[in-house]
Amino acid sequence: MHLLADRTHLEELLKLGILKGNVEDMMGVRLGAIFMPHGLGHLLGCDVHDVGGVGIEDDIAVTKDGVELLTCTASASLSALVSSEEI
């Protein structure tokens with residue numbers, strides 16, 4: 001599936017004129033990795049690794065009263081992960 005997705009997005013980038021050349025040559029040098037470096041299953045991996053905790057991509061706001069976790073899906077307490085000395 002990943003190779004099919006890689007081929008498909010390279011073909012579409014060719015149609016748009018963003019890339020020029022032969023798709024087979026691009027596949028051979030893994031050019032698609034520039035546009036999709038983590039692979040097709042990356043988001044599934046994020047779901048597995050970030051369940052019940054604060055993920056790397058969480059949005060955090062630093063305020064005068066401390067920190068506020070802006071990501072609505074995280075269930076961990078931010079204060080359990082970051083001390084006031086680190087802020």
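**Q** Now, about the nonpolar core: what can you tell me, with residues and values included?
**A** In this structure, Leu10, Leu13, Leu19, Val23, Met26 and Met27 together form the largest nonpolar core, which totals 6 residues. In terms of residues, this core owes the most to one element, helix H2 (residues 23-28), which gives 3 residues. Each residue touching methionine 27, except ones within four places of it in the same chain, is listed here: Leu3, Asp6, Arg7 and Leu10.

**Q** Which residues make up a nonpolar patch on the surface, and what are the values?
**A** Residues Met1, Leu4 and Leu40 make up a contiguous nonpolar surface patch of about 360 Å² in total accessible area. Among the secondary structure elements, leucine 4 is positioned in helix H1 (residues 2-15). Residue class for leucine 4 comes out exposed when judged on its relative accessible area of 51%.

**Q** I'd like to hear about the pattern of salt bridges, residue by residue, with values.
**A** Pairing of side chains with opposite charge becomes possible as their charged atoms draw close. For the coordinates displayed, the defined rule picks out 2 salt bridges. One salt bridge connects arginine 7 with glutamate 24, and the closest N-O pair in it is separated by 2.7 Å. One end of the pair, arginine 7, is in helix H1; the other, glutamate 24, is in helix H2, with 17 residues separating them in the sequence.

The rules behind each value
Residues numbered from 1 in each chain as written. Predicted model: local features only at pLDDT ≥ 70, side-chain atom pairs only at ≥ 80, totals over all residues. Heavy atoms only, no water. Core = buried A, V, L, I, M, F, W, Y, C linked by side-chain atoms within 4.5 Å. Buried < 20%, exposed > 50% of the residue type's maximum accessible area, 1.4 Å probe, protein only. Helix = DSSP H or I, 4+ residues; strand = E, 2+ residues; numbered from the N terminus. Contact = heavy atoms within 4.5 Å. Patch = residues over 30% accessible without salt bridge, like charges linked within 9 Å, V, L, I, M, F, W, Y side chains within 5 Å. Areas by Shrake-Rupley, 256 points an atom, 1.4 Å probe, with all protein chains shown as cover. Salt bridge = Lys/Arg side-chain N within 4 Å of Asp/Glu carboxyl O.

Any functional reading would require information that these geometric values do not contain.
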